[in-house]
Amino acid sequence: MDRKEHYDSLMDRSKRIMWQDDCYMDLQSTSSFASSQTEKQNLLWIQKHKDGLQSFVSHSFLEEIVGHLRNVDVLTSAEETGIKEAGQLQDQINMLTTIITGKDSQSSDALQAFIESSDSEISHLILNYDLMVKKHKEVLLQQHEKLRDRDSASCLKLNISSRTLLLVDGLSDFQQKEHDLMQVGVTRGGRRNHLRQLGLSKLFEPLTKVSLPPRVTLTVGVAGIGKTTWVRHFVRQWCQGSICPDVHFVLPLTFCELNPLEKLSAERLLKMTFPHLSEPGLVLSNACRTLLILDGLDEFRTSLNFSDAAPCNDPKREVSIDDLVTNIIRGNLLPDIAVWVTSRPGVASQIPGGLVDRVTEIPGFSPTDIQIFLNHHFSEKDFAGRIWAHLESHKVLMVMCYIPCICWMLAETLVYILQSGTQESLPKTCTELCVHFCSMIAEVGEPRGREPVKSEQLHATNRKLLGNLGRLAFYSLLKHKYTFSEQDLRAYGIDLLLMQSSLGAGVLIRWESTIHSTYRFTHLTLQEFLAATFYHVSSKRAIFDLFSESTMSWPKIGFQNHFRSAFQHSQQAEDGHLDLFVRFLTGLLCPTTIKPLAGLLALGKDDGSQKVWAAGFLQGLLSSVGSVVSLRAVNLAYCLQELQHTELLRSVEEDLRQASLAGKLTRPHCVVLGYLLHVSPECSEQINLTGCLNYPTVKSLLPQLLYCTHLRLESNNFKDDVMELLGSLLSAKDCHIRKISLADNLISNKGAKALSRALLVNRTLTSINLKNNNIGSKGAKFLAEALKMNQALVSINLQNNSIEEEGAQAVAEVLQCNRKLVSLNMRKNTVGAGGAKRIAEALKTNRTLTKLILCSNQLGDKGTAALAEALTFNHTLLSLQLQSNSISNKGMTALTKALRLNRGLVSLNLRENSIGVEGAKNMAHALQENNSLQNLDLTANLLHDDGVRAIAGAIKFNQGLTSLHLQWNFIKSTATKALAQALLTNTTIQLLDLQENTIGNEGVISLAEALKVNTSLRTLCLQGVSAGTSGAVAMAEALTSNQTLQTLDLRGNAVGMEGAKALANSLKCNRSLKSLNLQENSLGMDGAIFIATALKGNHQLAYINLQGNGIGESGAKVISDAIRASAPSCVVDI
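Note that the structure is predicted; figures quoted are calculated from it, not measured. Residue numbers run consecutively from 1 along every chain, following the written order of its sequence. Predicted model: local features are reported for residues with pLDDT of at least 70 only, side-chain atom pairs are reported and counted for 80 or more only, and whole-chain, interface and lining totals are derived from all residues. Where side-chain values are given, they derive from all heavy atoms of the structure, hydrogens and water being excluded.

Draft legend 1. Expanded view of the overall build of the protein. On a plain count of helices and strands, the protein comes out with 50 helices and 30 strands. Projected onto its principal axes, the C-alpha coordinates of the protein cover approximately 115 × 100 × 60 Å. The classification of residues rests on relative accessible area computed with a 1.4 Å probe and restricted to protein chains. Under 20% of the type maximum is buried, over 50% is exposed, and intermediate values are partly exposed. When burial is assessed residue by residue, the protein has 56% of its 1134 residues classed as buried. Long-range pairs, those at least 24 residues apart, make up 80% of the contacts in the protein with a sequence separation of at least 6. When charges are counted, Lys and Arg are positive and Asp and Glu negative, with His and the chain ends excluded. A charged residue contributes its charge at one atom only: NZ of Lys, CZ of Arg, CG of Asp or CD of Glu. A gap of 5 Å separates the mean positions of the 112 positive and 109 negative side-chain charges of the protein. Each helix is a run of DSSP H or I of at least 4 residues and each strand a run of E of at least 2, with the numbering of both proceeding from the N terminus. When checking whether two residues touch, look at their non-hydrogen atoms; a contact exists if any pair is within 4.5 Å.

Here it is as structure tokens:
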């Protein structure tokens, strides 16, 4: 039946005559009931296919529909115009269906007839999509529900639904070249530098309103991180309608399934893998939004060759399987479908970056995630707590647990050991972990499907199986082969029935698909371990090179020769894929390590001599490493750890902790230092290499310094040549450094230029310290140009760099455009009033800088006035330090006027200037209006009693100030009494510093009276205030009632024995004081004894200083011992 006949047959029942304007009578109807039933059926048809209409109708097809309905007088001209002007395509389709639904059955018949008679792909999808996708989802759910227990974490906090992917800017060189565990080791599972986080539901969506959805998405992650788990979770969620509802078909494939295929077309591949899809052409058409998932590129039997692959754009044409995949990813084949590829990072680099629209990375477990996992699954008998404590003590194992699969293996193994009730020590190395894991799964049961066997027979069977699995693992590892067919297993003498045993099932996982079955090791680590066991056993009797699978190779006799050969191959492997293999091979030489596998491996006797020899061999390799510490060299230190020969490792770690590495950084030390950067969180977070580096050692360590978070390189006499090296370090894509301190070196403007080039591309550095170098104004200009572009740096310290006014101008230009810099230190740079004016002008528009340090810059009153004017505009600056700038009353007047208007500044430092009584009075007026300023430092000015009395009057009413420094201001008792009077009503002051003012006993007594009432003061500094016994007695009396003061500093006074006795009595009842400084107070032996005995009942005091009190060495020991006995937690300086 052709299209016209089909259309006529559908419309045949519509032979109608007009009855009234909008009423029709069907000549063939026998009743009005039948007519109403027909109308309901027509309405149901529209409702049934409404989603299909919304999903698949294109602009052109809609025009065809509207044109046809207009021709058959179903739509009026006005209705046609209304549909076209409805807006977006979806709105137009909604209006069309609404109009048709509101009309009679003839209108619906016309729409149905047109669509059903059309030969277009769109009409087929509208009519068939619901049935096709329903069947497809049922099949996918059936396949993936079987694996739910294996995939999902029952702990909601670790479920994929609550986790995110990292959107990254391509693959780093390190990811492309290094072993998975080495990648995890150097980053310690921490999140790589990423652009943003993406939930699974947003993975295939546009990032912005104007961008397009990605066609090719690449998700990378190390082995065992959960790539396949994420894919299966996505498929399940899509089938349940919880995710990506606008994706019409999801076609999940694994590269394992593709391995046995030779030559086929895209359509044939679809028919083979999804035979239930009746019309594969529709699924692959451009009318349908289809997602093709290609999971596990690293398990594909061949490398993808995008340069030589024969182009193909015909989905019916048969090509080789690798060319088929290449053409799909390139977009020659199936250009309208989206493609999601998952892979380990190293293999993912086969796909040219230009073909990938979006790269995401699966993050591993964080330390918090590991704890959650353990607490959820192993809470019984505090197993979780014991396992966590063990991991914290053995950082190598902690690093491995960042991979979820290994975390599960490790936890299961440790719980098994703990439950066994034996006194075996828990594994400390990766080798011990895998030994215990294999021992555990071998003991769990015996092969199913056979008669019960004796333990001797079981050991013999498992021994043979383990040997064959090891041989398969070793030679497959050399070929980078990680999945195996049943034919592969038979080729290595592996009985498939034995694969059902606990050992076989625990080591190899079987995956069944519609095409064929494949096997893979539980984790890549296990394959590498079994490969090492095979090599370890075989090398003791082999007479040919084991790295050649055939016997046609040079003779190689003796274990040590084979051991050397393994390390030679490992060091030559650029991708590091044998790193873990040689670690395990080394670890197996430890007799106590391999003992649990004694019944499964033909070990023979071992007196430990091989371990001693291997330790010497490895140390010899450490001494002969090249000038640059590569990861192959660092792996040698890992091998020493596996061998449990850790003397050198502990020695370097101790030197690093004590900052005593100077002169000790030989090549082995540098290698071990690189190793510590991998496994020690303390070293990676902050490594202090102050005063111990030079150009050769920096060059040697450079590749390993990439992965530090905070790098301290102070006082190393670095010159500009080292800055070129560090510039290349900071420019690297793999750089993880967030803070770097280069203080107290010899860096000039050339070094600053090298650093500025790095800052143009670096995205991680947030803080840099260049204090006490000599970059000059020229260097400041170089840095300024970079900071105009850099969007990561938030803090820079340029103290004492001879920047001067010209350099200050360049920095001011940065403040006008940079929106990231928060802290700027320009202390001691002679910027002068001119430089201050430039910076002040920039501050009027800057809204991000919160801390500005301009101490010792000869600003004078003019520069200060300029900054004061800026403060009337800028309310985001929180801290301004203007110490030692020759500011007089004139400059102070300008500042105080600004403070009356400013509501942002929190801290103001005006130490060591020339501010007098007039300036103090102006500050007092400002403090009566300003309640945002919290910290005011007026140390070493010329305030005298009159100025301080004015400030004290303001404090009575001020409710913002929390810290007031008035040291060295020629204050006497009169002003002190005014301050004490203010403290009676003030409720915000927490620190008052009156050091080196001659307030005498009278002033101290007045303060003591205030303390009986005041409840806000936490710190009182009274060093050198000419206080004597009476002042101390008054203060002691106050302490018996005051329960808020925490720090009291009475250094350099004349408290004497009687004062000490009074203070001692107050300590017996005071419960707030935590720090007491009585240094140089003529206490004598008796006074010190009073204090010591008082501490028996006081457990709050954490620090006490009794130095310089004429006690003598013997007396000091007696007093110190007495205090420690009475208050063991108290720190004593005596």
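Draft legend 2. Broad picture of the pattern of salt bridges. A carboxyl oxygen of Asp or Glu within 4 Å of a side-chain nitrogen of Lys or Arg is what we treat as a salt bridge. If you walk through the whole model with that rule in mind, you get 30 salt bridges. Put simply, Lys844 and Glu869 hold a salt bridge, and the shortest N to O gap is 3.2 Å. Separated by 25 residues along the polypeptide, Lys844 in the loop between helix 40 (832-843) and strand 20 (851-853) and Glu869 in helix 41 (residues 860-871) bring together distant segments of the chain. For Arg1051, the salt bridge identified is with Asp1049, shortest N-O distance 2.6 Å.

Draft legend 3. Region of the structure containing the sheet that holds strand 11 (residues 358-361). Taken together, seven strands build an open sheet; the order of strands is 4-3-11-5-10-8-6 and the sheet is mixed. Two strands lie at the open edges of the sheet, namely strand 4 (196-198) and strand 6 (249-254), each paired on one side alone. Each adjacent strand pair in this sheet contributes to an overall mean axis angle of 25°, direction not counted. In this sheet, strand 11 lies alongside strand 3 (residues 165-168) in antiparallel orientation, the contact comprising three bridges. By the bridge assignment for strand 11, Val168 is matched with Val359. What makes two strands pair is DSSP finding at least two bridges between them. Axis definition: a line fit to C-alpha positions, over the contact stretch in the case of helices; interaxial angles, taken between N-to-C directions, run 0 to 180 degrees.

Draft legend 4. Unusual backbone geometry, seen in detail. The residue Gln644 is not glycine, and still its phi comes out positive at about 60°. As for its position among the elements, Gln644 is in the loop between helix 31 (631-642) and helix 32 (647-657). Residue Gln644 is classed as partly exposed on the basis of its relative accessible area, which comes to 30%. Although it is not a glycine, Ser884 sits at a positive phi angle of roughly 55°. Positionally, Ser884 belongs in the loop between strand 21 (879-881) and helix 42 (889-901). The exposure class assigned to Ser884 is partly exposed, which follows from its relative accessible area of 24%.

Draft legend 5. Region of the structure containing the pairing of strand 10 (residues 338-343). Of all six residues in strand 10, six are buried, a share of seventy percent or more. Of the pairings in the sheet, the one linking strand 5 (residues 216-220) to strand 10 comprises five bridges and is parallel in character. Among the inter-strand pairings, Val216 is bridged to a residue of strand 10, identified as Val339. Here strand 8 (residues 290-295) pairs with strand 10 via four bridges, running parallel. Residue Leu292 lies in a different strand from strand 10, and its bridge partner there is Val339.

Draft legend 6. Broad picture of a nonpolar patch on the surface. Taken together, the side chains of Ile543, Phe544 and Ile557 define a hydrophobic patch exposed on the protein surface, amounting to about 280 Å² of accessible area. With respect to the helices and strands, the residue Phe544 is situated in the loop between helix 26 (524-538) and helix 27 (559-572). Here Phe544 falls in the partly exposed class, since its relative accessible area comes to 30%. Nonpolar side chains (Val, Leu, Ile, Met, Phe, Trp, Tyr) are joined into patches within 5 Å and like charges within 9 Å, using only residues with over 30% relative accessible area and no salt bridge. For every accessible area listed, the method is Shrake-Rupley and the probe measures 1.4 Å; residues are considered covered only by the protein chains on display.

Draft legend 7. Quick look at the packing of aromatic side chains. For Phe, Tyr and Trp, rings pair up if their centres lie within 6.5 Å, where Trp contributes its six-membered ring, and each pair is then called stacked (planes under 30 degrees apart), edge-to-face (over 60) or tilted (otherwise). Under the defined criterion, the tally for this structure stands at 26 aromatic pairs. Ring centres of Phe474 and Tyr535 lie 5.5 Å apart, and the angle between their planes is 45°; this geometry places the pair in the tilted category. On the criterion of sequence distance, the pair formed by Phe474 in helix 23 (residues 455-478) and Tyr535 in helix 26 is long-range, its members being 61 residues apart. Using a relative accessible area of 0% as the deciding quantity, one classes Tyr535 as buried. Relative to Phe581, the ring of Tyr535 has its centre 5.7 Å away and its plane inclined at 85°; by these criteria the two rings are edge-to-face.

Draft legend 8. Structural context of the environment of Cys438. Here Cys438 shows up in helix 22 (residues 430-443). Using a relative accessible area of 0% as the deciding quantity, one classes Cys438 as buried. Residues Cys438 and Met723 lie 285 residues apart in sequence; the distance between their C-alpha atoms is 50 Å. Those residues in contact with Cys438 that lie beyond four places of it in its chain are Leu503, Leu526, Phe529, Leu530 and Leu597.

Draft legend 9. Inspection of the side chain of Asp734 at higher detail. By the element assignment, Asp734 lies in the loop between helix 36 (720-731) and strand 16 (739-741). Sequence-distant contacts of Asp734, defined by excluding residues within four places in its chain, comprise Ser172, Asp173, Phe174, Leu706 and Tyr707.

Draft legend 10. Expanded view of the packing of helix 27 against helix 31. Running from N to C, helix 27 and helix 31 point in directions that differ by 140°, and their axes come no closer than 9 Å. Between helix 27 and helix 31, the angle falls in the class oblique. The handedness of the crossing between helix 27 and helix 31 is right-handed. Note on element contacts: helix 31 touches helix 27 through Arg632, Ala633, Leu636 and Cys639, opposite Phe567, Ser570 and Gln571. Tallied by class, residues from the contact of helix 27 with helix 31 come to four nonpolar, two polar and one charged. Roughly parallel means an angle under 35 degrees; roughly antiparallel, over 145; roughly perpendicular, 65 to 115; everything else is oblique. For a crossing to be left-handed, the near helix must be turned anticlockwise from the far one by less than a right angle; the clockwise case is right-handed. Side-chain classes follow a simple rule in which Ala, Val, Leu, Ile, Met, Phe, Trp, Tyr, Cys and Pro form the nonpolar group, Asp, Glu, Lys and Arg form the charged group, and the remainder, Gly included, forms the polar group.

Draft legend 11. Geometry of the side chain of Asp369. Relative to the elements of secondary structure, Asp369 occurs in helix 18 (residues 367-377). Those residues in contact with Asp369, other than ones at most four positions away along the chain, are Leu158, Arg163 and Gly364.

Draft legend 12. Main features of the environment of Asn688. As for its position among the elements, Asn688 is in strand 14 (residues 687-688). Since its relative accessible area comes to 23%, Asn688 is described here as partly exposed. Distance from Asn688 to Leu661, taken between C-alpha atoms, is 9.8 Å for residues 27 residues apart in sequence. Apart from residues no more than four positions distant in its own chain, Asn688 is found in contact with Leu656 and Arg712. Nitrogen and oxygen atoms within 3.5 Å of one another constitute a polar contact, given that in protein one can donate a hydrogen and the other can accept it, and given that sequence-neighbouring residues count only through two side-chain atoms. Among the polar contacts listed, one links the side chain of Asn688 to the side chain of Thr690, at a separation of 2.6 Å.

Draft legend 13. View of the pairing of strand 13 (residues 517-521). Taking burial as the measure, the five residues of strand 13 include five buried ones, the bulk of the element. Alternating positions in strand 13 separate into two faces, Ser517, Tyr519 and Phe521 on one and Thr518 and Arg520 on the other, with burial throughout. Both strand 12 (residues 508-512) and strand 13 contribute to a ladder of five bridges, which runs antiparallel. Paired with Ile509 across the bridge in strand 13 is Arg520.

Draft legend 14. Seen up close, helix 26. Multiplying one less than the number of residues by 1.5 Å gives the expected span of a helix. In this model, helix 26 (15 residues) spans 21 Å end to end at C-alpha, consistent with the 21 Å of a helix rising 1.5 Å per residue. Where burial is concerned, most of helix 26 is hidden: 15 out of the 15 residues are buried.

Draft legend 15. Geometry of the confidence of the model for the protein. Scored from 0 to 100, pLDDT reflects the predictor's confidence in each residue. On average, residues of the protein score 86 in pLDDT, and 91% of them are at 70 or above. The lowest-confidence element of the protein is strand 1 (residues 16-20), averaging 36 in pLDDT; the highest-confidence one is strand 23 (residues 935-937), averaging 98. Ignoring residues within four places in sequence, the model shows residues 13-35, a span with pLDDT below 50, making 18 contacts including any to other chains. Low confidence marks residues 149-153, where pLDDT is under 50. Its contacts with residues over four positions away, or in another chain, come to nine contacts.

Draft legend 16. Spotlight on the state of the cysteines. Our working definition of a disulfide is a cysteine sulfur pair at a distance within 2.5 Å. Counting across every chain of the model gives zero disulfides. This cysteine, Cys670, is not joined by any disulfide, and Cys692 carries the nearest cysteine sulfur, 9.1 Å off. Free cysteine: Cys1069, not disulfide-bonded; nearest cysteine sulfur from Cys1130 at 17 Å. With relative accessibility at 37%, the residue Cys1069 sits in the partly exposed group.

Draft legend 17. Broad picture of helix 28 (residues 579-587). Here helix 28 lies mainly inside the structure; nine of its nine residues are buried. Taken as a whole, helix 28 has its buried residues at Asp579, Leu580, Phe581, Val582, Arg583, Phe584, Leu585, Thr586 and Gly587.

Draft legend 18. Up close: the environment of Val948. One can find Val948 in helix 44 (residues 944-955). Considering only alpha carbons, one finds Val948 and Ala1032, 84 residues apart in sequence, at a separation of 23 Å.

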